[in-house]
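# Close look at the chain arrangement
One-letter residues, chain by chain:
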Amino acid sequence: MSMNADLGKPRELTGLQQRRALYQPELPPCLQFFNQHDQGKAIRVEFGDSTMTIDPTCANMVAQGFPHTFGQPLVHFLKPNKMDAQANEEHPPIRVGVVFSGRQSPGGHNVIWGIYDAIKTQNPQSVLLGFIGGTEGLFANQTLDITDDVLSAYKNQGGFDFLGRTVDQIHTTEQVNAAMSTCCDLDLDGLVIIGGVTSNSDAAQLAETFANHNCKTKVVGVPVSLNGDLKNQFVETTVGFDTVCKVNSQLVSNVCLDAISAGKYYHFVRVMGWKASHVALECALQSQPNMVILGEEVAFSKLTLKEIISKICDGVQARAAQEKYHGVLLISEGLIESIPEMFALIQEINILHGNKVPENNIPSQLSPWATALYNYLPPFIRRELLLHQDSDNSAQLSQIDTEQLLAHLVEAEMNRRTKEGKYKGRKFSSVCHFFGYQARGSLPSNFDCDYAYVLGHICTHILAAGLNGYMAFATNLKEPTNKWRCAAVPLTAMMSVKRHSRSPGAVPTGKPVIHPSPVDLQGKAYAVLREKASSFLLDDFYRTPGGIQFDGSGADVKPITLTVEDQDYLGDIELLQDYLEKVRNIVKPGCSREILKAAISSMSSVKDVLKVMSAPFNAGLPLFNLN
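Residues numbered from 1 in each chain as written. Predicted model: local features only at pLDDT ≥ 70, side-chain atom pairs only at ≥ 80, totals over all residues. Heavy atoms only, no water.

### Considering the sheet that holds strand E12 (residues 470-475)
- Taking strand neighbours across the sheet as the criterion, the nine strands line up as E1-E2-E13-E12-E7-E6-E3-E4-E5 in an open arrangement whose pairing is mixed. In this open sheet, the two edge strands, each paired with only one partner strand, are strand E1 (44-50) and strand E5 (143-145). For this sheet, the mean angle separating the axes of adjacent strands, direction not counted, is 25 degrees.
- Sitting on the sheet, helix H8 (residues 197-212) is in contact with strand E6 (190-195), strand E7 (218-223) and E12, with an inclination near 170 degrees to E7. (Pairing = 2+ DSSP bridges. Helix = DSSP H or I, 4+ residues; strand = E, 2+ residues; numbered from the N terminus. Axes fitted to C-alpha atoms, helices over the stretch in contact; angles between N-to-C directions. Contact = heavy atoms within 4.5 Å.)

### Section: the packing of helix H14 (residues 340-354) against helix H15 (residues 368-376)
- Where H14 contacts H15, the two axes come as close as 10 Å, and the packing angle between them is 110 degrees. Judged on the interaxial angle alone, H15 and H14 are roughly perpendicular. With respect to the hand of their crossing, H14 and H15 are arranged in left-handed fashion. Along its contact with H14, which presents Glu-341, Met-342, Ala-344, Leu-345 and Glu-348, the element H15 presents Trp-369, Ala-370, Leu-373 and Tyr-374.
- Residue classes in the contact of H14 with H15 are distributed as seven nonpolar, no polar and two charged. (Parallel < 35°, antiparallel > 145°, perpendicular 65-115°, else oblique. Left-handed = near helix turned anticlockwise from the far one by under 90°. Nonpolar A, V, L, I, M, F, W, Y, C, P; charged D, E, K, R; others polar.)

### Regarding the pattern of salt bridges
- A complete count under the given rule lists 25 salt bridges for this structure.
- For Arg-319, the salt bridge identified is with Asp-540, shortest N-O distance 3.0 Å. With Arg-319 in helix H12 (residues 305-320) and Asp-540 in the loop between helix H19 (524-538) and helix H20 (560-563), the pair connects residues that are 221 residues apart, well separated along the chain.
- On the basis of relative accessibility, which here comes to 17%, the residue Asp-540 falls in the buried class.
- Overlapping salt bridges, with partners in common, bring together Asp-314, Glu-413, Arg-416, Arg-417, Glu-420 and Lys-422 in one network. (Salt bridge = Lys/Arg side-chain N within 4 Å of Asp/Glu carboxyl O. Buried < 20%, exposed > 50% of the residue type's maximum accessible area, 1.4 Å probe, protein only.)

### Quick look at the nonpolar core
- Counting 93 residues, the largest nonpolar core has Ile-112 and Val-192 as the members making the most contacts within it.
- Counting residues in each nonpolar core, the second largest holds 46 residues, with Ile-308, Tyr-325, Leu-352 and Leu-406 among its members. (Core = buried A, V, L, I, M, F, W, Y, C linked by side-chain atoms within 4.5 Å.)

### A few points about the pairing of strand E2 (residues 73-78)
- Pairing analysis gives five bridges linking E1 to E2, with the strands arranged antiparallel. Residue pairing in the sheet places Val-45 in a bridge with Phe-77 of E2.
- Pairing between E2 and strand E13 (residues 485-490): three bridges, direction antiparallel. Looking across to E13, one finds that Val-75 is bridged to Ala-488.

### Considering H8
- Compared with an ideal rise of 1.5 Å per residue, which puts 16 residues at 22 Å, H8 spans 23 Å between its outermost C-alpha atoms and is within 8% of the ideal.
- In terms of burial, H8 is largely enclosed, as 12 of its 16 residues are buried.
- By the burial criterion, the buried members of H8 are Val-197, Ser-199, Asn-200, Ser-201, Asp-202, Ala-203, Ala-204, Leu-206, Ala-207, Glu-208, Thr-209 and Phe-210.
- Where H8 is buried, its residues contact helix H3 (59-65), helix H7 (173-185), E6, E7 and E12.
- One or two positions beyond H8, positive phi appears at Asn-214, with a value near 55 degrees. (Expected span 1.5 Å × (residues − 1).)

### Focus: the domain arrangement of the chain
- Taken domain by domain, the chain holds domain 1 (44-81 + 89-237 + 444-498), domain 2 (241-336 + 401-441 + 519-564) and domain 3 (568-608).
- Computed from C-alpha atoms alone, the centre-to-centre distance between domain 1 and domain 3 is 36 Å.
- Contacts between domain 1 and domain 3 engage 12 residues on the former and seven residues on the latter.
- Of the roughly 740 Å² buried between domain 1 and domain 3 on both sides combined, carbon and sulfur atoms contribute 60%.
- Taken as a group, His-76, Gln-233 and Arg-485 account for 52% of the area that domain 1 buries against domain 3, more than any other trio of residues on that side.
- Put simply, domain 1 and domain 3 have two salt bridges between them. (Domains from an automatic or database assignment. Buried area = accessible area lost by both parts, 1.4 Å probe.)

### Looking at the packing of aromatic side chains
- According to the stated counting rule, one finds 11 aromatic pairs in the structure shown.
- Measuring from ring centre to ring centre gives 3.8 Å for Phe-100 and Phe-160, while their planes differ by 10 degrees; the resulting arrangement is stacked. Here Phe-160 lies in the loop between helix H6 (148-151) and H7 and Phe-100 lies in strand E3 (residues 95-100), a separation of 60 residues in the sequence.
- Using a relative accessible area of 1% as the deciding quantity, one classes Phe-100 as buried.
- When the ring of Phe-234 is compared with that of Tyr-569, the centres are 5.0 Å apart and the planes differ by 75 degrees; the resulting orientation is edge-to-face. With Phe-234 in the loop between E7 and helix H9 (241-262) and Tyr-569 in helix H21 (residues 569-586), the pair connects residues that are 335 residues apart, well separated along the chain.
- Since its relative accessible area comes to 28%, Tyr-569 is described here as partly exposed.
- Ring-pair connections join several aromatic residues into one group, and the members of that group are Phe-234, Phe-473 and Tyr-569. (Phe/Tyr/Trp six-rings, centres within 6.5 Å; stacked < 30°, edge-to-face > 60°.)

### Considering the side chain of Asp-168
- With respect to the secondary-structure elements, Asp-168 resides in the loop between H6 and H7.
- For Asp-168, the side chain forms a polar contact with the main-chain nitrogen of Gly-102, separated by 3.4 Å. (Polar contact = N/O pair within 3.5 Å; in protein donor to acceptor, adjacent residues only side chain to side chain.)

### Comments concerning the sheet that holds strand E11 (residues 430-435)
- Reading across from one edge, E9-E10-E8-E11 is the order of the four strands in this open sheet, with parallel pairing throughout. Either end of the sheet is taken by a strand with one partner, and the two such strands are strand E9 (291-293) and E11. Between one strand axis and the next, the sheet turns by 15 degrees as a mean value, whatever way the strands run.
- Relative to E11, strand E8 (residues 266-271) is paired through six bridges, and the arrangement is parallel. The residue bridging Val-271 from the neighbouring strand is Phe-435, located in E11.
- Where H12 meets the sheet, its contacts fall on E8, E9 and strand E10 (327-332), and the angle it forms with E9 comes to roughly 170 degrees.

### Focus: the packing of H7 against H8
- Across the interface, H7 lies against H8 with an axial gap of 11 Å and an inter-helix angle of 60 degrees. Compared by their axis directions, H7 and H8 come out oblique. For H7 against H8, the interelement crossing comes out right-handed. Here Val-176, Ala-179, Met-180 and Cys-183 of H7 lie close against H8, whose contacting residues are Leu-206, Thr-209 and Phe-210.
- Class assignment of the residues belonging to the contact of H7 with H8 gives a composition of six nonpolar, one polar and no charged.

### Comments concerning the environment of Gly-65
- When you line up the elements, Gly-65 lands in helix H3.
- For Gly-65, a relative accessible area of 36% corresponds to the partly exposed category.
- Between the C-alpha atom of Gly-65 and that of Ile-600, which follows or precedes it by 535 residues, the distance is 37 Å.

### Focus on the side chain of Asp-450
- Among the structural elements, Asp-450 can be located in helix H18 (residues 446-464).
- Although Asp-450 is buried, it makes no salt bridge; Lys-558 carries the closest opposite charge, 7.3 Å away. (Lys, Arg positive; Asp, Glu negative; His and termini not counted.)

### Brief notes about the confidence of the model for the chain
- Overall, the prediction assigns the chain a mean pLDDT of 88, with 91% of residues at 70 or greater.
- When mean pLDDT is compared element by element in the chain, E7 scores highest at 98, while helix H2 (residues 29-34) scores lowest at 76.
- In this model, residues 34-40 is a region of pLDDT below 50 whose contacts with residues beyond four sequence positions or in other chains number 20 contacts.
- Long-range and interchain partners of residues 616-627, a stretch whose pLDDT sits below 50, account for 33 contacts in this model, where long-range means more than four residues apart. (pLDDT = per-residue confidence, 0-100.)

Okay, structure coming up:
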């Protein structure tokens with residue numbers, strides 16, 4: 001492949017870009033100590049208990065598939081004690097490679113900046129290499145020697161144009177072997193993979209393969225994804241999510257104000273989100289459009305396309321009763337796959353794609369019911385459903401105009417209701433929008449700048465500790481940066497295996513991977529949305545968050561979905577350890593028999609409760625694995 005000659009080159013920055021480049025991200029205290037004064041000082045690495053998997057029923061399968069990297073401990077990075085011997089360690093120079101392996105997401109460049117600053121502070125002779133052209137550059141061994149001069153024009157900047165990206169996967173045998181060959185040829189001590197769900201699943205497999213072949217390169221993953229779907233008890237949010245939601249919320253609120261100003265159009269707005277609706281949920285809370293449809297709601301309630309259209313039309317009529325003939329409907333790009341009959345149709349098409357059936361021949365090979373549904377759909381949707389799959393073998397959701405499909409069907413239904421005398425208001429008119437690419441190259445928010453830079457530092461500490469198959473993460477993110485906790489978690493701890501049956505005794509089948517995390521329909525953020533849904537529908541209390549602010553009172557505002565949840569997982573583990581230690585101190589040998597019996601009884605009850613809670617995992621819920 002030919003390397004894009006413009007990637008990684010110094011470039012002319014506008015005044016705003018120059019101002020952003022001067023922003024210095026903040027580090028938590030544990031990383032600040034390392035980053036000051038004396039070369040060679042190191043933070044304290046504390047190894048916790050060995051980890052399991054998100055779904056305990058999958059533990060054996062994950063352990064079998066990842067014998068070298070499964071069950072590794074959770075690792076905390078702490079400020080060293082004053083007398084800590086580790087503080088005087090000298091770090092030998094290391095060689096690290098970094099690659100973008102996911103959709104461009106604001107803040108990604110700061111991960112590289114964080115790695116660079118950290119390895120150079122450890123030892124100025126350390127080398128950071130960037131792979132030009134994403135994973136294709138990794139396979140072809142095309143590198144850029146990252147220096148401060150080269151990096152300076154990309155600090156706090158949007159997009160992935162420093163190194164670029166190509167195929168977002170490293171999982172075929174040829175790809176894995178090519179990556180391993182490159183790492184060996186370059187004598188890399190570490191490889192940092194920046195990306196989302198798929199990329200970090202690939203990072204886990206790469207780490208396992210490297211360990212199996214005694215390749216010295218340690219693999220580290222970083223959660224960078226605009227979709228926000230790489231979310232679990234460890235990862236509170238992903239780099240880029242805050243920025244993307246801020247940009248999209250501004251666009252949605254602009255549309256809302258346009259709608260109420262004209263008073264005659266319904267705007268159907270689709271935002272990115274792939275399989276999960278995190279962006280749609282956050283943007284709804286920030287801008288307060290009239291209607292929001294989340295894919296997770298549709299999947300959980302098993303709503304058909306006809307039922308969704310009926311609900312939207314009922315909303316239009318309810319607003320018409322108040323003489324309001326405008327409105328804004330917000331959906332995520334993954335909605336279409338959440339509709340049961342559409343999901344089944346897409347699955348049939350995917351199977352035919354997998355069997356190498358030409359696109360033009362696919363319609364004639366669909367089952368009778370799928371053919372009937374396919375023919376019912378507007379021609380433009382039929383064409384889009386047949387588009388070749390993404391690199392992960394799924395439908396190109398960003399290319400399917402779901403908002404236009406809904407607008408088309410709602411208009412037809414409103415016309416039918418008018419003809420039958422069930423609706424007597426003004427004629428329904430719609431305008432459609434897809435906000436898919438407008439935010440990915442945005443200048444990142446202060447939060448994303450800080451978060452990415454911190455994760456870059458953590459990557460260096462993971463490699464310095466000799467850890468392989470880990471992800472850098474931080475918790476307590478809703479608090480100021482000086483209260484963040486920094487850690488590393490084995491990638492295998494986030495893995496599970498999909499179930500293909502909902503019965504309680506269903507055996508997981510398939511390959512262990514990190515799955516996209518859907519919106520939690522029992523979570524606090526969703527509860528806020530549902531509480532306000534009727535007000536959103538009938539009242540035009542549109543909210544205008546405005547553009548991203550880099551200074552002033554609005555500069556440090558964080559995602560609503562992040563701030564309303566209680567997600568400090570590391571803090572909770574610390575609290576549990578404190579309680580366990582207190583119990584140990586109370587029941588030391590020599591305590592009374594009554595105290596001992598009370599402790600045994602209490603601990604037995606706790607064990608029984610936890611056993612019931614941990615198995616089986618969400619057996620009665622849909623395949624979306626809703627919490």
